[in-house]
Amino acid sequence: MGQVFYGQVGNISDVQPVHRVDSFAVQVDGLPEKIDGKFGLAKVCLDIFHPRVADLKIELVSPDGTGIWLTNRNGGDEGAGYYNTCFRADGHSGFVYQGQAPFTGEFIPDGRMEFLNNGQNPNGTWFLLVQDLMREKEGRMLGLNLVFESDPVPMPDYRPCTLADGTPCKCPNGKEDCELLPDLVVLPSYTSGQVLEYAYDHPIYPGQLRFAVAIANLGDGPIETYGKNLWYCDNTQVADSSVICADGTHARQHVFQRIYRKEGGRIVYKDRMAGTNYFEDLPGHRHYHNDDWVEFRLVKKEGRKRKVVARVATGRKISFCLFDSGICHESTGLCTVDGVNYGLKTLPNYGMGRYVDCNTPGTRTGISVGAYDAYGMHFEGQHIDLPKGLPSGDYFLELEVDPTRQYREKNRKNNILVVPVKIEKQEVRF
C-alpha cells in the first residue's frame, strides 16, 4: 500500500504579459531517510484544467534539487486537460507523448522516474513546476499527489556497467581492452505519428512542417560532452555565457567529447575537442544546448533508386540539450531499429552513463547507453518552414544527427532517418 502526500492547487498563469513558472508544493514527512529502488517515489498524479495542454511543460523537482520532465508540450493542437492522470515508470497507458488529451490513466513520463530515487532523503518540500509556453490560454491545478511505494520503478536484475566499475562492461570484439564508442540513431517509432503539415495561413504554425525527434545511443559507451568555461564570439575569447556577440547571438562555449575505454576492470577516458554549446535563455529552457546536433531537410526524390533531385527546404541546424529523457525497454518497442528491438538484452553495456540534466555549465551532459533524448513536435525549432505555394505531392523528410561530424561514434551509416511525407496545404490555387 502506498503512502500518499497531497500538494497545493491554484491557477496556472498564461505566458503573457510575462513568462512565469507556477510552483505547486508537496510537503513530505515521516518517510524513511533514503529512497531508492527498494522504496521510493512510484507515481505522480494530477488533475489540471487547461484548454490547450500542449502549451504546458510540467516538471517535478525533489528536495535535493533533482528534476525530471513529467510531460512537455504533449496533447495535440487543441487537446484539453489532465484528468485523473498519473505518471509512473511502467504506466499501462503508454508513453505520454503518444497519448491524446484529455489525458486519463497512467502514463510513462517524458523523463526517467528512477533519477528521483537516487538515495536522497525524500522528507521535505517537493515542487511541481508548470510553465505555460503559448499565449492566450489559462488553466488551473485542481489536484496533485505523490505516491511512495516499495519497488517503485521496476528494474531488471543485473549488474550494470558503470563509469566507476568496468568489470561488467563488454567490448564489442570480446577482448579485455577497447574503446567504448556511442552509436547515435534517430528513432523511427518516435517520429512516426508525430509529423504534421500546417497551412501557410495557420495562426500559430504558418506554413510549417512540424515533427518529433528522439536520438538514441545504441552503442558500447555513452555520448558525453562537457565544457571548460572557454567562451567565444567568433575567434575572440569572452568572459562567460552572459556575453551577447556583435551579431546578436550568444557567446559559444567550446565543448569536449569524453571517450571512455575499458582496460580490464578499469574505465579510463580521453577528451577531444568536439563542437560548441551556449546557454539558451528562452522560456521553457534555461539550460545549455549543443550546437549543430540535428539537421532537418525536406527533399524530392525520383526514380527506382529514390535519388534526391531537389532540396526543397532545410531546417536550421538545431541545438539540443543532451540528457537521458528516457531509456529503451524491449517491452515498449520504442527503440526498434532495422528490425532489432534494443534494450537490456541487446546492449551489453546498457545503462552506462546516467545524465540527469543539462542545467549547469561545465558538468557532464550526454546520452547513456540504451537511453534517448526526445523532443516533441511542439518544441521550439522542431519544424521546417515550407515555401509558400509548394506543390502538393510526395516528399521525404531527412533527419540527420551530428550532420557536421563533430563527434566520434561507432557507426555513422545509421545517422539519418528518412520519412515519407505527403504535402497538401501549401499550394496556392487561384
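Our subject is the structure that appears above.
What you see is a predicted model; the values in this text were computed from it and never measured.

Chemist: Would you take a moment to explain the pattern of salt bridges for this structure?
Modeler: Proximity of charged atoms lets side chains of opposite charge pair with each other. With the rule as written, the count across this model stands at 21 salt bridges. For K270, the salt bridge is made with E179, and the minimal N-O distance between the two is 3.3 Å. Remark: E179 occurs in strand 11 (residues 177-180) and K270 occurs in strand 19 (residues 266-280); sequence separation between them is 91 residues. Between E263 and R261 there is a salt bridge; the shortest N-O distance is 3.5 Å. Assessed through its relative accessible area of 31%, R261 is described here as partly exposed. Connected through shared salt-bridge partners, E295, R297, E398 and E400 make up one network.

Chemist: What exactly am I supposed to notice about unusual backbone geometry here?
Modeler: With the exception of glycine, the majority of residues adopt a negative phi angle, and the majority of peptide bonds are in the trans configuration. Put simply, A101 and P102 share a cis peptide bond, and its omega is 0 degrees. Looking at where P102 falls in the secondary structure, it is placed in the loop between strand 7 (82-87) and strand 8 (103-107). The backbone of D402 sits at a positive phi, close to 50 degrees, despite the residue not being glycine. With respect to the helices and strands, D402 occurs in the loop between strand 29 (393-401) and strand 30 (416-423). A residue is classified by how much of its surface remains accessible, and D402, at 1% relative accessible area, is buried.

Chemist: Teacher, can you tell me more about the sheet that holds strand 6 (residues 67-72) here?
Modeler: Working definition: the strands of a sheet are paired by backbone hydrogen bonds and lie parallel or antiparallel to each other. Pairing in this open sheet of four strands is antiparallel, and the strands run 3-9-5-6 from one edge to the other. Two strands bound the open sheet, and with one partner strand each, they are strand 3 (21-28) and strand 6. The average undirected angle you get between the axes of adjacent strands in this sheet is 20 degrees. Across eight bridges, strand 3 lies against strand 9 (residues 124-132) in antiparallel orientation. Its bridge partner lying in strand 9, A25 is registered against F127.

Chemist: In this structure, what is going on with the sheet that holds strand 27 (residues 371-375)? I would like to understand it.
Modeler: One open sheet accounts for four strands, arranged 12-15-27-23; its pairing is antiparallel. Among the strands making up the open sheet, the edge pair consists of strand 12 (184-186) and strand 23 (326-327). With three bridges joining them, strand 12 and strand 15 (residues 213-217) adopt antiparallel strand pairing. Paired with L184 across the bridge in strand 15 is N217.

Chemist: Help me understand the state of the cysteines in this model?
Modeler: Simply put, the disulfide is a covalent bond whose two ends are the sulfur atoms of two cysteines. Taken as a whole, this structure holds five disulfides when the rule is applied. Bridging C45 to C86, the disulfide has an S-S length of 2.0 Å. Since a negative S-S torsion denotes a left-handed disulfide, the C45-C86 link at about 105 degrees is right-handed. In this pair, C45 is assigned in strand 4 (residues 39-49) and C86 in strand 7, connecting sequence segments 41 residues apart. Accessibility expressed as a relative area gives 9% for C45, which makes it buried. Judged by relative accessible area, C86 falls into the buried class, the value being 11%. One disulfide bridge connects C171 with C178, the sulfur atoms lying 2.1 Å from each other. Handedness here is read from the sign of the S-S torsion; for C171 and C178, about -95 degrees, the answer is left-handed.

Reading the values: rules and limits
Residues numbered from 1 in each chain as written. Predicted model: local features only at pLDDT ≥ 70, side-chain atom pairs only at ≥ 80, totals over all residues. Heavy atoms only, no water. Salt bridge = Lys/Arg side-chain N within 4 Å of Asp/Glu carboxyl O. Helix = DSSP H or I, 4+ residues; strand = E, 2+ residues; numbered from the N terminus. Buried < 20%, exposed > 50% of the residue type's maximum accessible area, 1.4 Å probe, protein only. Pairing = 2+ DSSP bridges. Axes fitted to C-alpha atoms, helices over the stretch in contact; angles between N-to-C directions. Disulfide = S-S within 2.5 Å.

No statement about biological role is implied by the geometric values presented.
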